[in-house]
Amino acid sequence: MSVTTSPVLLIHGNCSSSGFWAPLLRHLPADWRVVTPDLRGYGDGPTLALDATRGVRDFADDIAPILSELYEQSGQVVVVGHSLGGGVAMQLLLDHPEKVKALVLESPVSPYGFGGTRDLDGTPTSPDFAGSGGGAVNPDFVRLLAAKDRGTEEQASPRNVMRAFYAAPGFDFGDDEELLLDTMLSTVVADGQYPGDGTASENWPGTAPGTRGVLNTISPRWLNLSGITELPVKPPIVWIRGDQDAIVSDASLFDLAQLGKLGLVPGWPGEEACPPQPMVGQTRAVLQRYVEQGGTSREVVYEGVGHSPHIERPEDFAAVLREVAGS
């Protein structure tokens, strides 16, 4: 029988729920203690407004009691975070480093948030962090998500978005497609939840972050997780990503600056004024400092894989978890 030395806490990403881990769970030992909570506003999670001025701390504070219970019962915990969940995992590391055996970051949001920064140090493109936050999302996607649309007629439908961006182009979700779409459609679209408010800006593209809701929690106005480099306790970090990720990328198709560069959002002021956010480069730079200051980190890149390696390469992902968890 396989035995793991540590429990595993899996934290899902944006516009999904704990059910998004199902393809991975089939490849993990049955005797492992694996906990997959729903974040607030997703799945069976509570419908509670998010104070985005705290970054992702509302999410992390919700999960912290689970982390503490696992720690008290079984010792240090392997914390795994996907996308937005990667940011929550980093916040948990900042708040409770002694309880984390290892951190596995899967296609994580940059430590400097999503959108509105220009370089590896997370320098804002404009003083008000324009181009990030709740106003930076496609309103058609929000409308169709709220309507729980399951079709393919409109380009921005949740199913089309999942097929185009949640994995590498051409990936077949097979029998899991309806289950995974269910996780997307569990997203609560409401004031203070998804997507969040925005404010008018004099800077391109004309919208800046607000103070409530999901997308504002990851705006660089409110989120900076680079402090993990200063922790006195530094558990090992494994960073897993696909080389075809179109969401978290140095050329993200969800970054308005990149869309402007491609001519898809009018009025882009140019590379010098508003370059695309180097999301992968930012994460790599922070993890390099983490190593330089006494930690350990490893980057795992899967070729031909997009935003969800645990779905696209579940056996390989499970093998990494076996190694990290100690079985």
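Relevant structure appears above.
Definitions and cut-offs
- Residues numbered from 1 in each chain as written.
- Predicted model: local features only at pLDDT ≥ 70, side-chain atom pairs only at ≥ 80, totals over all residues.
- Heavy atoms only, no water.
- 1 Å grid on protein atoms, 1.4 Å probe; cavity = no way out; pocket = protein on both sides within 12 Å on 5 of 7 lines; lining within 4 Å.
- Points joined across faces, edges and corners; volume = space filled by probe spheres on them.
- Helix = DSSP H or I, 4+ residues; strand = E, 2+ residues; numbered from the N terminus.
- Nonpolar A, V, L, I, M, F, W, Y, C, P; charged D, E, K, R; others polar.
- Core = buried A, V, L, I, M, F, W, Y, C linked by side-chain atoms within 4.5 Å.
- Buried < 20%, exposed > 50% of the residue type's maximum accessible area, 1.4 Å probe, protein only.
- Contact = heavy atoms within 4.5 Å.
- Polar contact = N/O pair within 3.5 Å; in protein donor to acceptor, adjacent residues only side chain to side chain.
- Axes fitted to C-alpha atoms, helices over the stretch in contact; angles between N-to-C directions.
- Left-handed = near helix turned anticlockwise from the far one by under 90°.
- Pairing = 2+ DSSP bridges.
- Phe/Tyr/Trp six-rings, centres within 6.5 Å; stacked < 30°, edge-to-face > 60°.
- Parallel < 35°, antiparallel > 145°, perpendicular 65-115°, else oblique.

(A) Here's a closer look at the layout of surface pockets. Taken as a whole, the largest pocket spans an internal volume of roughly 1100 Å³. If you go around the largest pocket, you meet 40 residues; those closest to its centre are A136, V137, N138, L253 and F254. Every element with two or more residues in the lining of the largest pocket is listed here: α5 (158–165) and α8 (256–261). Counting residues per element, the lining of the largest pocket draws most heavily on α5, which supplies four residues. Residue classes in the lining of the largest pocket are distributed as 24 nonpolar, 15 polar and one charged.

(B) Region of interest: the nonpolar core. The biggest cluster of nonpolar side chains holds 61 residues, and the ones touching the most others in it are V79, L92 and Y194. Setting aside anything within four residues of it in sequence, one finds L92 in contact with L9, I11, A60, I63, A64, L67, V79 and P97. Ranked by size, the runner-up nonpolar core spans 21 residues in total, among them L10, A102, L321 and A325.

(C) Focus on the environment of T229. Counting through the fold element by element, T229 comes out in the loop between α7 (214–217) and β7 (237–242). As a C-alpha pair, T229 and A89 span 140 residues in sequence and 14 Å in three-dimensional space. When sequence neighbours within four positions are dropped, the list of residues in contact with T229 reads K234, V286, R289, Y290 and Q293. In this structure the side chain of T229 is engaged in a polar contact, spanning 3.4 Å, whose partner is the side chain of E230.

(D) Fine view of the packing of helix α2 (residues 57–74) against helix α3 (residues 84–95). It is the contact of α2 with α3, at a shortest axis distance of 9 Å, that shows an interaxial angle of 65°. Between α2 and α3 the crossing geometry is right-handed. Along the contact surface, α2 presents R57, F59, A60, D61, I63, A64 and L67, while α3 presents L84, V88, Q91, L92 and D95. Residues belonging to the contact of α2 with α3 are distributed by class as follows: eight nonpolar, one polar and three charged.

(E) The pairing of strand β1 (residues 8–11), seen in detail. On β1, burial covers both faces: V8 and L10 on one face and L9 and I11 on the other are all buried. Across two bridges, β1 lies against strand β2 (residues 34–35) in parallel orientation. Counterpart to L9 in the pairing with β2 is V35. With four bridges joining them, β1 and strand β3 (residues 77–82) adopt parallel strand pairing. Looking across to β3, one finds that L9 is bridged to V79.

(F) Spatial organisation of unusual backbone geometry. Residue P195 is bonded to the preceding Y194 through a cis peptide linkage, with omega at 0°. Examined against the element boundaries, P195 turns out to sit in the loop between α6 (177–185) and β5 (198–200). Of note, the bond from W204 into P205 is cis; its omega dihedral lies within 30 degrees of zero at 10°. Locating P205 in the fold gives a position in the loop between β5 and β6 (207–209). One non-glycine residue, C15, adopts positive backbone phi at about 50°. Take C15: it is sitting in the loop between β1 and α1 (22–25). Accessibility expressed as a relative area gives 4% for C15, which makes it buried. The phi torsion at S83 lies on the positive side, around 60°, for a residue other than glycine. Its location among the elements puts S83 in the loop between β3 and α3.

(G) Fine view of the side chain of N160. With respect to the helices, strands and loops of the structure, N160 is situated in helix α5. Taking relative accessible area as the criterion, N160 reaches 18% and is therefore assigned buried. The residues contacting N160, other than those within four sequence positions of it, are T152, E154 and Q155.

(H) Just the packing of aromatic side chains, in detail. Per the stated rule, a full pass over the model turns up four aromatic pairs. Ring centres of F20 and Y166 lie 5.8 Å apart, and the angle between their planes is 80°; on these two criteria the pair is classed as edge-to-face. Of this pair, F20 sits in the loop between β1 and α1 while Y166 sits in the loop between α5 and α6, and the two are 146 residues apart along the sequence. Summarising the aromatic geometry, the rings of F165 and F254 are spaced 5.0 Å apart at their centres and angled 90° between planes, so their arrangement reads as edge-to-face. Placement of the pair is F165 in helix α5 and F254 in the loop between β7 and α8, with a sequence separation of 89 residues.

(I) Here's a closer look at the packing of α5 against α6. Direction vectors running N to C along α5 and α6 enclose 115°, while the axes themselves pass 10 Å from each other. Classified by the angle their axes make, α5 and α6 are roughly perpendicular. Note on packing geometry: the crossing formed by α5 with α6 is right-handed. Residues P158, R159, M162 and R163 of α5 form the contact with α6, whose participating residues are E177, E178, L180, L181, M184 and L185. Of the residues belonging to the contact of α5 with α6, the class tally is six nonpolar, no polar and four charged.

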